[in-house]
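# Residue-level structural notes
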Amino acid sequence: MRVVVQRVREASVTADGEALGAIGPGLLVLVGFTAGDDADRARWMADKVVRLRIFNDAAGRMNRSVLDVSGEVLAVSQFTLYGDATKGRRPSFIRAARPEAAVPLYESFLAALRDLLPGAVQSGRFGAAMEVALVNDGPVTLVIER
C-alpha cells in the first residue's frame, strides 16, 4: 500500500462535473494498493495518516497531526501510484491491485479514516476519471509505503 500525503489549505475532487468531495485545511491523500495488501494494512495506514505530525505547532515546528488541528482528509484512489516507468516510455501498472481486490481495500481505508476522524473525511470515486484541485500548504508532501 502506498500513499502520497499532501498538507493542503483546501482540496476538492470532481468526476464528470459532479463534486464528490471538498475539504478545507487538512490532508489530501492519494492511495494505491498492490498485491499482499489487506484490511489490516489499510487500517494501519489510516492511523498513520491521521496521527502523522506534519502541521506546525506554536513554535512553527511540524509537531501536530490532522487530528490535533481539527483538520479534514480527502482520500482519492490512484492506481498509478504503482506505475513503473523504468523501462520504455509507457508505464506498466502490473503491480497495481486489480479493482476486485482494490475496491474493498479502499473502502476499508475510508472506514478506518472515518472512525478516526468522524465527519471530517471526504473521498473520490474509485475507478472514475477525476479532477483533483488543491492548494498546497508548505508545500509538505510525503510518500508512505507499507
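Residues numbered from 1 in each chain as written. Predicted model: local features only at pLDDT ≥ 70, side-chain atom pairs only at ≥ 80, totals over all residues. Heavy atoms only, no water.

## Some words on the pairing of strand S1 (residues 2–15)
Moving residue by residue along a regular strand, the side chains alternate between the two faces of the sheet. To keep it simple, the criterion reads: Note on classification: 1.4 Å probe, protein chains only; a residue is buried when its accessible area is under 20% of the maximum for its type, exposed when over 50%, partly exposed between these limits. Helical segments are the DSSP runs of H or I of at least four residues, strand segments are the runs of E of at least two, and each set is numbered from the N terminus. One bridge is not enough; two strands pair if DSSP finds at least two bridges between them.
Within S1, 10 of the 14 residues are buried, which leaves it mostly tucked inside the rest of the structure. Inspection of the sheet shows S1 paired to strand S3 (residues 26–32) by seven bridges, in the antiparallel sense. Looking at S3, one finds that arginine 2 is bridged to glycine 32. With 12 bridges connecting them, S1 and strand S8 (residues 130–145) associate as antiparallel partners. When the bridges of S8 are listed, glutamine 6 appears paired with threonine 141. As paired strands, S1 and strand S2 (residues 18–23) are joined by five bridges and run antiparallel to one another. Bridging from a neighbouring strand, serine 12 pairs with alanine 22 of S2.

## What about helix H2 (residues 99–116)?
Rule in force here: Multiplying 1.5 Å by the helix residue count minus one yields the expected span of that helix. Directions are taken from the helix axis to each C-beta atom, and the arc is the one they span.
Here H2 spans 25 Å end to end across 18 residues, near enough to the 26 Å set by a 1.5 Å rise per residue. Those residues of H2 that sit buried are Ala102, Leu105, Tyr106, Phe109, Leu110, Ala112 and Leu113. Considered in projection along H2, the buried side chains sweep an arc of 160° and stay on one side of the axis. Exposed and facing more than 90 degrees away from the buried side of H2 are Glu100, Glu107 and Asp115.

## Digging into helix H1 (residues 39–51)
Selection rule: Residues adjacent in sequence count toward polar contacts only when both atoms are side-chain atoms; beyond that, a polar contact is any pair of N or O atoms within 3.5 Å, and within protein one must be able to donate a hydrogen and the other to accept it.
The end-to-end C-alpha distance of H1 is 18 Å, a good match for the 18 Å that 13 residues give at a rise of 1.5 Å each. The complete set of buried residues in H1 reads Ala42, Met45, Ala46, Val49 and Val50. Down the axis, H1 shows its buried residues gathered within 130° of arc, on one side only. Backbone nitrogen of aspartate 40 and a side-chain oxygen of the N-cap are separated by 3.3 Å at the start of H1; the cap is aspartate 38.

## Here we look at the side chain of arginine 2
You can see arginine 2 is positioned in strand S1. At a separation of 2.6 Å, a polar atom in the side chain of arginine 2 contacts the main-chain carbonyl oxygen of leucine 81.

## Some details on the pattern of salt bridges
Opposite charge on two side chains permits pairing when their charged atoms draw close. Selection rule: Here, a salt bridge means any Lys or Arg side-chain nitrogen found within 4 Å of an Asp or Glu carboxyl oxygen.
Following the criterion strictly, the structure yields seven salt bridges and no others. With its nearest N and O atoms 2.6 Å apart, the salt bridge here joins aspartate 47 to arginine 51. With aspartate 47 and arginine 51 both in helix H1, this residue pair falls four residues apart, about one helical turn. Relative accessible area serves as the criterion here: at 29%, aspartate 47 is assigned to the partly exposed category. Residues joined in a network through salt bridges with shared partners are Arg7, Arg9 and Asp137.

## Some details on unusual backbone geometry
Of the consecutive residues glycine 138 and proline 139, the connecting peptide bond is found in the cis state with omega at -5°. Tracing the sequence through the fold places proline 139 in strand S8. A positive phi angle is found at aspartate 16, which is not glycine, with a value near 50°. Turning to its location among the elements, aspartate 16 is positioned in the loop between S1 and S2.

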